[in-house]
Amino acid sequence: MSERWRWQYWPLKTKLLLLTVSISTLGILLVCTSLVVVENRTSEEQLESELHVIADILAEQSAAALLFEDSQQINTIISSLNQINTIEQVCVYNVAGDLMSALNGTGYEPCPSLDAEPEVGFVGDYYRLLEPVMLDGDIVGQFYLMSRLEVLREHIWTFIVISFSVGIGILGLLIWVASRLQRLISEPIVELSNAADRISHEHDYSIRVPVYGKDELGRLGSAFNEMIGTIQDQNQKILQSKDDLERTVAERTSELSLANRELEAFSFSVSHDLRQPLRAIEGFGQALEEDCREQLNDVGLDYLARIRAATVRMGSLIDGMLVLSRVSRQAMEVERVDLSTMLAEIVEELQDTVDTLPSEVTIQPDMQVVGDERMLRIAFQNLLENAWKYTSKNEKRAIDVSACEELNSITIALKDNGVGFDMKYVDKLFVAFNRLHTPAQFSGTGLGLATVDRVVRRHFGRVFAESPIDSGACFYLEFPRPDRG
Amino acid sequence: MAKGDCSILVVEDNPDDQILTMRALRKASSQSPIILQEDGQAALEFLFGTESSKRSPQVDTLGVILLDLKLPKVSGLEVLRRIRSTPQTDWLPVVMMTSSDEPSELREAYRLGANSFVTKQIDYSRFSEQMCLLARYWLTVNQVPMVGSSRSF
């Protein structure tokens, strides 16, 4: 069965109309049927009483003749019944039950014998009656009458036709009235339903339904309108705050991009313009040392050496600041990075260049993180250079790098056996230009760990460190793992 | 052209850098002529000539150009672009020299056809070493087209 023919898919109008039509039809059918039954019954009773009256009169007239068994006389009496077309048969019996006289209509049929009690009343198409003929309180014979019912039947049929015609007429009228009146109920509901449909499709919360009266439908309409009004207000507020938010974001973005452009310009300027004078100081210092050595005494040469050393230190500060600013602003290129290989490469470079101290470096194989390869290299280069630097006063250097994988993160631990640091100042460890050692103890810019922190932050991770007394330092870099999260 | 006869063109605007570069280059290769141009405009006039003057005949003897990236008037990258845009000069080896090591500038220089990119070191010993390596490589190891073939365009 196609879906739209199912009851639940019918429109409300049709359902209401169908309800009215079925109830009206049932009512009219019941009324017509009872009218017909009553009319039939009344007509039958009337016919019965008429026939009894006729029979009584004739019985009375024929009583004397019966007493004397005068058939001639009885024939004369009953022949008057020929005038009545519907009477089919009249039989008169004497007291012994013998037929004295009979009057037969068109459909000839012998008079019934009284030995077997004949059927009386409405049987088939006939009404039969049998009544005693009395004279002075004694029964002198029996009177039998059989009447056709065609007139009665015709009357009833006419009645049925008329009453059902009127019934159908009334039904038509009722359907017409119902089809008008059902709108009172169905129209507000249909409008409500259409409005709900439009709102859900067009998201136009300014739509309202007309409210009819104060009944349940009226209250439903008012409640619906109120509800849509609330949604409209809330929607307005949401849109408003979205606009505000977008404007704020746009403002912030433009401020930020301006700041970024300024930072970039500043970095370029630092790159070019601050380095150039330094190079001149350093270059002319060396030229002075080489070309005019004879004119300078030892104090002068010492000052010159200090000027040149300070210039080189300033140069590394500028380099450090530029790296820090670059890892802050450069775009991330995220990929899977084989950390173990990268660390091995950095260690190899350090072993080749820095010092000849016996070093034992353990790197856990197959450590993988997701991130920007260049930035991660800068961070681990800084960490390993630190480890190298702060273990340089040991007899033997031991560095261990391992990874600890958890459900949503991977933590890289980098442990050395160097001088470590005072845990009291752990907060200052990752702040730019903060150093926990004097330049005489260990050289440095104070920018390395700030750069590490910046790199890890840009990977949405965190870095922390600990230094148990007399057992070196341990740095932990925790990276989230979005692919497992 | 016999090795060692080639000259070096230095395009450098800063007087300090001019002196320091010339000093380092002289120490590195004493016999090679060094030509100095003080800005991009002057370098272009030297290489291509102007409406009133022809280009310098010294261009034919060039073995390498040491071109500073940051120059007044016409920038180093613009000079590089002009050098690469005409067959007269597009074969010339160009080494970009700069104080900075900005990745964006590095990429742009190579995109425009630089042969080399050198960040000038603050430590003068290392700077001298750089100049020495450059002069030795470009003037003695590297080969440039002969005069009378591609140079006669």
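Anyway, here's the lowdown on the structure attached to this text.

## Some remarks on the overall build of chain A
Stage number 1. Secondary structure summary: chain A contains eight helices and 12 strands in total.
Stage number 2. For chain A, contacts bridging at least 24 residues in sequence account for 64% of all contacts bridging at least 6.
Stage number 3. Accessible area of chain A: about 29100 Å², with a carbon and sulfur share of 58%.

## Some remarks on the pattern of salt bridges
Stage number 1. With the rule as written, the count across this model stands at 31 salt bridges over all chains.
Stage number 2. Residues Lys 396 of chain A and Glu 360 of chain A are paired through a salt bridge, measuring 2.7 Å at the closest nitrogen-oxygen approach. Within this pair, whereas Lys 396 of chain A is found in the loop between α7 (373-390) and β9 (397-405), its partner Glu 360 of chain A is found in strand β7 (residues 359-363), the two being separated by 36 residues in sequence.
Stage number 3. Glu 360 of chain A sits in the partly exposed class, given a relative accessible area of 44%.
Stage number 4. In this structure, a network of salt bridges that share partners links the residues Arg 279 of chain A together with Glu 12, Asp 17, Asp 68 and Lys 120 of chain B.

## Some words on the nonpolar core
Stage number 1. Of all hydrophobic cores here, the largest spans 47 residues; its most connected members are Leu 47, Leu 62, Ile 65, Leu 66, Leu 67 and Met 96 of chain B.
Stage number 2. No other element matches helix α5 (residues 124-141) of chain B, which puts seven residues into this core.
Stage number 3. The contact partners of Leu 67 of chain B, leaving out residues within four places of it in the chain, are Val 11, Gly 76, Val 79, Leu 80, Val 94, Val 95, Met 96 and Met 97 of chain B.
Stage number 4. Ala 403, Phe 421, Val 456 and Ala 465 of chain A belong to the second-largest nonpolar core, a separate cluster that totals 37 residues.

## What about a negative patch on the surface?
Residue and element names in this part refer to chain A.
Stage number 1. A surface patch of like charges, here negative, comprises Glu 348, Glu 349, Asp 352 and Glu 385.
Stage number 2. Considering each element in turn, the negative patch owes the most residues, three residues, to helix α6 (residues 339-353).
Stage number 3. Within the element layout of this structure, Glu 348 appears in helix α6.

## Describing the interface of chain A and chain B
Quite often, the size of an interface is put as the accessible area lost when its parts meet.
Stage number 1. If you look at the interface, chain A gives 23 residues, while chain B gives 24 residues.
Stage number 2. Across the interface of chain A and chain B, roughly 2000 Å² is buried in total on both sides, 50% from carbon and sulfur atoms.
Stage number 3. Contact with chain B buries area across many residues of chain A, yet His 272, Arg 279 and Phe 284 of chain A alone supply 33% of it, more than any other trio.
Stage number 4. Counting across the interface, chain A meets chain B through five salt bridges.

## Focus on empty space enclosed by the protein
Stage number 1. If you walk through the whole model with that rule in mind, you get two cavities of 30 Å³ or more.
Stage number 2. Taken as a whole, the largest cavity encloses approximately 70 Å³ of empty space.
Stage number 3. Around the largest cavity, the lining residues are Pro 188, Ile 189, Glu 191, Leu 192, Val 209, Pro 210, Val 211, Tyr 212, Leu 217, Gly 218, Leu 220 and Gly 221 of chain A.
Stage number 4. Taken together, the elements giving at least two residues each to the lining of the largest cavity come down to α3 (150-202) and α4 (216-291) of chain A.
Stage number 5. Among the residues forming the lining of the largest cavity, the class breakdown is nine nonpolar, two polar and one charged.
Stage number 6. In this structure, the second largest cavity spans a volume of roughly 40 Å³.
Stage number 7. Lining the second largest cavity we find Val 10, Val 11, Glu 12, Thr 21, Leu 66, Asp 68 and Met 97 of chain B.
Stage number 8. Elements that contribute at least two residues to the lining of the second largest cavity include exactly β1 (7-11) and β3 (62-68) of chain B.
Stage number 9. Within the lining of the second largest cavity, the residues separate by chemical class into four nonpolar, one polar and two charged.

## Observations concerning the state of the cysteines
Residue and element names in this part refer to chain A.
Stage number 1. Applying the stated criterion to the full structure yields one disulfide over all chains.
Stage number 2. Disulfide partner of Cys 91: Cys 111, at an S-S distance of 1.8 Å. Because the sign of the S-S torsion sets the handedness, a value of about -85 degrees for the bond joining Cys 91 and Cys 111 places this disulfide among the left-handed ones. A residue pair is termed long-range when its members are at least 10 positions apart, and Cys 91 in strand β1 (residues 87-94) and Cys 111 in the loop between β2 (99-104) and β3 (121-123) qualify at 20 residues. Here the two residues Cys 91 and Cys 111 agree in accessibility, since each one is buried.

## Let's talk about the sheet that holds β3 of chain B
Residues and elements named next belong to chain B.
Stage number 1. As summarised here, the arrangement of the five strands in space is β2-β1-β3-β4-β5, forming an open sheet in which the pairing is parallel. Two strands in the sheet have a free side with no partner beyond their single neighbour: β2 (34-37) and β5 (116-119). For this sheet, the mean angle separating the axes of adjacent strands, direction not counted, is 20 degrees.
Stage number 2. Relative to β3, β1 is paired through five bridges, and the arrangement is parallel. Each residue of the ladder has a partner; that of Val 11, found in β3, is Leu 67.
Stage number 3. Contacts from α5 reach β1, β3, β4 (94-98) and β5, with the element oriented near 145 degrees to β3.

## Observations concerning helix α1 (residues 15-28) of chain B
Stage number 1. With 14 residues, α1 of chain B should cover 20 Å at 1.5 Å per step; its first-to-last C-alpha distance of 20 Å lies within 8% of that length.
Stage number 2. Listing the buried residues of α1 of chain B in full gives Asp 17, Gln 18, Leu 20, Thr 21, Met 22, Arg 23, Ala 24 and Leu 25 of chain B.
Stage number 3. Considering only its buried residues, α1 of chain B is in contact with α4 of chain A together with β1, β2, β3 and α5 of chain B.
Stage number 4. For α1 of chain B, the side-chain oxygen to backbone nitrogen distance between the N-cap and Asp 16 of chain B is 2.9 Å, and the N-cap itself is Asn 14 of chain B.

## Here's the deal with the packing of aromatic side chains
All names here are of chain A.
Stage number 1. Applying the stated criterion across every chain yields a total of seven aromatic pairs over all chains.
Stage number 2. Judged by centre distance (6.3 Å) and plane angle (45 degrees), the ring pair of Phe 421 and Phe 475 falls under tilted. Of this pair, Phe 421 sits in the loop between β10 (409-416) and α8 (448-458) while Phe 475 sits in strand β12 (residues 474-480), and the two are 54 residues apart along the sequence. Each member of the pair, Phe 421 as well as Phe 475, carries the same accessibility label: buried.
Stage number 3. Ring geometry for Phe 430 against Phe 475: centres 6.2 Å apart, planes inclined by 90 degrees, an arrangement best described as edge-to-face. Within this pair, whereas Phe 430 is found in the loop between β10 and α8, its partner Phe 475 is found in strand β12, the two being separated by 45 residues in sequence.
Stage number 4. The buried category is assigned to Phe 430, whose relative accessible area is 14%.
Stage number 5. Judged by relative accessible area, Phe 475 falls into the buried class, the value being 8%.
Stage number 6. One aromatic cluster in this structure is built from Phe 421, Phe 430 and Phe 475.

## So, α8 of chain A
Residue and element names in this part refer to chain A.
Stage number 1. Extensive coverage of α8 is indicated by the burial of eight of its 11 residues.
Stage number 2. Within α8 the residues assigned to the buried category are Gly 448, Leu 449, Ala 450, Thr 451, Val 452, Asp 453, Val 455 and Val 456.
Stage number 3. Taken together, the buried residues of α8 touch α5 (298-329), α7, β11 (462-466) and β12.
Stage number 4. Two residues or fewer past α8, Phe 460 is found with a positive phi of approximately 60 degrees.

Definitions and cut-offs
- Residue indices begin from 1 for each chain and proceed along its sequence in written order.
- Lettering of chains starts at A and numbering of ligands starts at 1, both following the order in which they are written.
- Restriction of local features to residues with pLDDT of at least 70 applies here, the model being predicted, together with a cutoff of 80 or more for giving and counting side-chain atom pairs; totals for whole chains, interfaces and linings are based on all residues.
- In computing side-chain values, all of the structure's heavy atoms are included and hydrogens and water are not.
- Here a strand is any run of E in DSSP of at least two residues, a helix any run of H or I of at least four, and the numbering for each starts at the N terminus.
- Residue contacts follow a heavy-atom distance rule, with two residues in contact if any of their heavy atoms lie within 4.5 Å.
- Surface accessibility in these figures is a Shrake-Rupley result with a 1.4 Å probe; residues are shielded only by whichever protein chains are displayed.
- By definition here, a salt bridge exists when the distance from a side-chain nitrogen of Lys or Arg to a carboxyl oxygen of Asp or Glu is within 4 Å.
- For every residue, the accessible area (1.4 Å probe, protein chains only) is compared with the maximum for its type, and the residue is labelled buried under 20%, exposed over 50%, or partly exposed between those bounds.
- Among buried residues, the Ala, Val, Leu, Ile, Met, Phe, Trp, Tyr and Cys ones that are joined through side-chain atoms within 4.5 Å form a nonpolar core.
- Residues with no salt bridge and a relative accessible area higher than 30% make up the patches, which join like charges within 9 Å and nonpolar side chains (Val, Leu, Ile, Met, Phe, Trp, Tyr) within 5 Å.
- Only four residue types enter the tally: Lys and Arg on the positive side, Asp and Glu on the negative side; His and the chain ends are excluded.
- Where a charge lies is defined by one atom per residue type, namely NZ (Lys), CZ (Arg), CG (Asp) and CD (Glu).
- Each of two parts loses accessible area, computed with a 1.4 Å probe, when they are put together; buried area is these two losses added.
- Residues are called lining when one of their atoms sits within 4 Å of a cavity or pocket point, these points coming from a 1 Å grid over the protein atoms alone, where a cavity is a set in which a 1.4 Å probe fits but cannot get out and a pocket is an open set with protein on both sides within 12 Å along at least five of seven lines.
- Grid points are joined across faces, edges and corners, and a volume is the space filled by probe spheres set on the points.
- Classification convention: Asp, Glu, Lys, Arg as charged; Ala, Val, Leu, Ile, Met, Phe, Trp, Tyr, Cys, Pro as nonpolar; all other residues, Gly among them, as polar.
- In this description, the term disulfide denotes a pair of cysteine sulfurs within 2.5 Å.
- When DSSP finds two or more bridges between a pair of strands, those strands are recorded as paired.
- Helix axes are fitted only over the stretch in contact, all axes being lines through C-alpha atoms; the angle between N-to-C directions runs from 0 to 180 degrees.
- Expected helix span is taken as 1.5 Å per residue step, with the number of steps being one fewer than the number of residues.
- Side-chain atoms alone can form a polar contact between residues adjacent in sequence; in general such a contact is a pair of N or O atoms within 3.5 Å, and within protein one must be able to donate a hydrogen while the other accepts it.
- Two aromatic rings from Phe, Tyr or Trp, using only the six-membered ring of Trp, form a pair when their centres are within 6.5 Å; if the ring planes differ by under 30 degrees the pair is stacked, by over 60 it is edge-to-face, and anything between is tilted.

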